[in-house]
Amino acid sequence: MVIFPMSGVLSPRRRLYPPACRPYGLEAEPEAAGFHPRHSLNRDYSKRTCKEEMDKGTIKITILGAGISGLATAFWLHQDGFDVTVLESKNEPGGSMVTRHEDGFLIDYGPNSGLETTPLIGKIVAAVGLEDEMIYADEKADKRYVLRNNQLHALPTSPAAFLKTKLFTPKAKLRLLAEPFLGKSEEGYYQSVSEFVKRRLGREFLDYAINPFVAGIFAGNPDNLSVKSAFPKLYRLEELYGGLFKGLILGARERKKRAEQSKQSARMFSFKKGMQSFPEAIADKLGDKIKYNCNVEKVAKSGTKFKILCKNADKSKEFVADIMLSTVPAYQAAAVFDDKANKLVGHLDQIYYPPVKMLYLGFRQEAVGRPLDGFGFLIPAKENKKFLGAIWNSTIFPYRAKSDMAAFTLFIGGARSPELLDNENDKLIDNVIKEFKEIMHINSDPVFIKEKMWPKAIPQYSLGYIEHERYFEKFEADNPGIFLSGNYRGGISVGDCIKNSELTYQRICEYIKQK
Ligand SMILES: Cc1cc2nc3c(=O)[nH]c(=O)nc-3n(C[C@H](O)[C@H](O)[C@H](O)COP(=O)(O)OP(=O)(O)OC[C@H]3O[C@@H](n4cnc5c(N)ncnc54)[C@H](O)[C@@H]3O)c2cc1C
């Protein structure tokens, strides 16, 4: 869920769908830790058009879901003159991007920031007139903490800091020296993040660096996530360069040589009025192209067209489209495809979305006994706490709380401890607050508490995910006119969803051109 966005190799996948004809393998991407060439900074986004000579308004494209994936794709298509309709079951845009304002606190119940990993973000922000609202994280937020033995340790960002840190024992630090001399694994695609990291960097690095960050990014468990699907850059460093350190050095050198393709370090962004103001602004531009309170129940093929049945209370409405794009979560997509797509439904249904509870706390500033000099902290599973980590909201962005208040978001559950949320009772929240206060040296109770349960929060790119990825490509090739997108394909972060929206737009254009 990218609670803790990372702009390096640990960022969740940025690789985008390959063309259907290319085997879903390892592409020799030159920028192992950078942009896909299609998204190079040199690309001229102002010339984005699908096909000049056709009457685009006659092609009806229906998009399921008004989350950021659906809205951004609708935006590119609408801008290019297509007749787009977006069907959304809720009465507001944004999907996981939900912001509320209460008692002087700004609460982002979903993503609280994004990383500006693509110029496409700025492009949409400008086009929807939100430039003045966009804000960047305070530089203090560069510091990220990890809990060990009840102490918060800053994650080292330089070799000197690494040598000094107490986050890792001297033995673990020495173990890293072996990394360049280790060969590749035979397991290929079917390696978990844990296996990969334990083999290359040792057990302690897995426990105190990767385990907490996987919880921060995917709300995930590294034992179950596929390194190839969830962290393709990490995987590719080994594949292309034979090791992580070699890959980091050689990759950086190569990017430097190709100055034009070097990746600027991504900045963390949000908006003055919270993350939801972004999808809201896109939705404003789309106007009545979005149909709210429209729960899509079924999609069926009818000749060359698609019939999409939408229900709201006891009323139902049918939409007919030439092209249908689903951006709803995998388990929702499984529910809308008809019986003929059994195999697709099987793949979609197998994707695990663990529950996450988001706990928002406001304290008086004066009650907080430690400096709020970072993004927040993450908790390794070995530390046996009842939550995964906490974000220090009011440090990262202004306008999150009144000046005498400090605001925090804590995350509970995820794939690491979903059982905590099964038989949940008031005690869980009390215990979480108690643990949090101890870690943060807070001497009074919160003055503001809000919580939100995400029963199915984030798709887990689990071991064997490549089978789903390959099947989705085959399904699209076998069913021309249907496109599948959303955060279960090509990355879970807001930035990935936006990059993929542009790629989905391109894929739709290719399809129309070939028709
Ligand atoms: C708690 C949480 C914290 C996160 N934190 C971060 C973060 O800090 N940074 C970051 O980059 N990313 C973060 N993420 C991930 C990121 O927010 C999501 O991956 C991204 O917003 C997903 O967008 P989407 O459009 O693909 O899907 P969604 O946002 O899920 O949108 C899908 C839309 O489809 C609609 N829908 C579903 N079923 C139907 C139906 N049958 N008919 C019609 N409409 C339907 C839904 O109502 C929804 O609006 C977080 C996610 C969560 C849940």
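Model, not experiment: these values are computed from the prediction. (Residues numbered from 1 in each chain as written. Predicted model: local features only at pLDDT ≥ 70, side-chain atom pairs only at ≥ 80, totals over all residues.)

Undergrad: I'd love a proper account of the nonpolar core, names of residues and values included.
TA: By size, the foremost hydrophobic cluster in this structure holds 133 residues, and its most contacted members are Ile 61, Ile 282 and Leu 410. No other element matches the 10 residues that helix α6 (residues 203-218) contributes to this core. Among residues more than four places away in sequence, those in contact with Leu 410 are Leu 359, Leu 361, Phe 387, Ala 390, Val 432 and Phe 436. (Core = buried A, V, L, I, M, F, W, Y, C linked by C-beta atoms within 7 Å. Buried ≥ 20, exposed ≤ 12 C-beta atoms within 10 Å, placed from the backbone. Helix = DSSP H or I, 4+ residues; strand = E, 2+ residues; numbered from the N terminus. Contact = placed C-beta atoms within 7 Å.)

Undergrad: Could you give an account of the pairing of strand β13 (residues 315-321), naming the residues involved and the relevant values?
TA: In the sheet, strand β12 (residues 305-312) pairs with β13 via 7 bridges, with the strands oriented antiparallel. Counted as the bridge partner of Cys 310 is Lys 317 from β13. The antiparallel pairing of β12 with β13 creates a hairpin that spans 2 residues between the two strands, and Ala 313 there sits at a positive phi of about 50 degrees. (Pairing = 2+ DSSP bridges.)

Undergrad: Would you mind going over the site of the ligand in detail, with residue names and values included?
TA: In the vicinity of the ligand, 41 residues are found, and the nearest of them are Gly 65, Gly 67, Ser 69, Gly 95 and Pro 111. Of all elements in the fold, only α1 (68-79), β11 (295-302), α11 (330-336), β15 (356-364) and α16 (494-514) reach the threshold of two or more residues within the shell around the ligand. The greatest single-element share of the shell around the ligand, amounting to 3 residues, is contributed by α1. Looking at side-chain class alone, the shell around the ligand contains 22 nonpolar, 17 polar and 2 charged residues. (Near = placed C-beta within 6 Å. Nonpolar A, V, L, I, M, F, W, Y, C, P; charged D, E, K, R; others polar.)

Undergrad: Could you give me a rundown of unusual backbone geometry, with the residues and numbers involved?
TA: Of note in the backbone geometry, Asp 103 takes a positive phi value of approximately 50 degrees without being a glycine. Here Asp 103 shows up in the loop between β3 (99-102) and β4 (105-108). What makes Asp 103 exposed here is the crowd of 12 C-beta atoms within 10 Å. The phi dihedral of Asn 149 falls on the positive side, at around 50 degrees, and the residue is not glycine. Within the secondary structure, Asn 149 sits in the loop between β7 (144-148) and β8 (151-154). The exposure class assigned to Asn 149 is exposed, which follows from the 8 C-beta atoms found within 10 Å.

Undergrad: I'd like a description of the sheet that holds strand β9 (residues 268-271), backed by residues and values.
TA: The strand order across the open sheet formed by 3 strands is β5-β9-β6, and the pairing between neighbours is antiparallel. At either margin of the open sheet sits one strand with a lone partner, and together these are β5 (114-115) and β6 (134-136). Where β5 lies against β9, 2 bridges are found, and the strand directions are antiparallel. Directly across from Gly 114, in β9, lies its bridge partner Phe 269.

Undergrad: Could you give an account of the environment of Thr 58, with specific residues and numbers?
TA: Structurally, Thr 58 is set in the segment before β1 (60-64). Classification of Thr 58 as exposed rests on a count of 9 C-beta atoms within 10 Å. For the pair Thr 58 and Asp 83, spaced 25 residues apart in the sequence, the C-alpha separation amounts to 6.8 Å.

Undergrad: Describe the sheet that holds strand β17 (residues 389-391), and please don't skip the residues or the numbers.
TA: Sheet architecture is open: 7 strands sit in the order β8-β7-β16-β17-β18-β15-β19, paired in mixed fashion. Two strands lie at the open edges of the sheet, namely β8 and β19 (448-454), each paired on one side alone. Each strand axis lies, on average, 25 degrees off the axis of its neighbour in the sheet, ignoring direction. Direction of pairing for β15 relative to strand β18 (residues 405-413): antiparallel, over a ladder of 9 bridges. Within the sheet, the bridge partner assigned to Phe 363 lies in β18 and is Ala 406. Sheet strands touched by α6: β7, β16 (376-378) and β17. Its angle to β16, the strand with the most contacts, is close to 110 degrees. (Axes fitted to C-alpha atoms, helices over the stretch in contact; angles between N-to-C directions.)

Undergrad: Now, about the environment of Phe 218: what can you tell me, with residues and values included?
TA: Along the chain, Phe 218 falls in helix α6. A count of 29 C-beta atoms within 10 Å places Phe 218 in the buried class. Along the sequence, Phe 218 and Pro 459 sit 241 residues apart, while their C-alpha atoms lie 7.8 Å from each other.

Undergrad: Hey, could you go over the pairing of β1 for me, with residue numbers and the actual values?
TA: In the case of a regular strand, side chains alternate between the two sheet surfaces. Of all the 5 residues making up β1, 4 are buried; the element is thus mostly covered by neighbouring parts of the structure. As paired strands, β1 and strand β2 (residues 83-87) are joined by 5 bridges and run parallel to one another. Paired with Leu 64 across the two strands is Leu 87, which belongs to β2. With α1 bridging β1 and its parallel neighbour β2, the resulting β-α-β unit is right-handed. The pairing of β1 with strand β14 (residues 323-326) spans 4 bridges and is parallel. Residue pairing in the sheet places Ile 63 in a bridge with Leu 325 of β14. (Right-handed = clockwise from strand over helix to strand, strands pointing away.)

Undergrad: Which residues make up the environment of Phe 196, and what are the values?
TA: On the secondary structure map, Phe 196 appears in helix α5 (residues 193-201). Its 24 C-beta neighbours within 10 Å are what place Phe 196 among the buried residues. Among residues more than four places away in sequence, those in contact with Phe 196 are Gln 191 and Val 227.

Undergrad: Mind laying out helix α12 (residues 342-350), listing which residues take part and the relevant values?
TA: Turning to α12, its buried residues number three or more, namely Leu 344, His 347 and Leu 348. Projected down its long axis, α12 shows its buried positions confined to an angular sector of 95 degrees, all on one face. More than 90 degrees from the buried face of α12, the exposed residues found are Asn 342, Lys 343 and Gly 346. On its buried face, α12 sits against α11 and α15 (465-478). (Arc of directions from axis to C-beta.)

Fair warning: the whole summary comes from geometry, so function is off the table for now.
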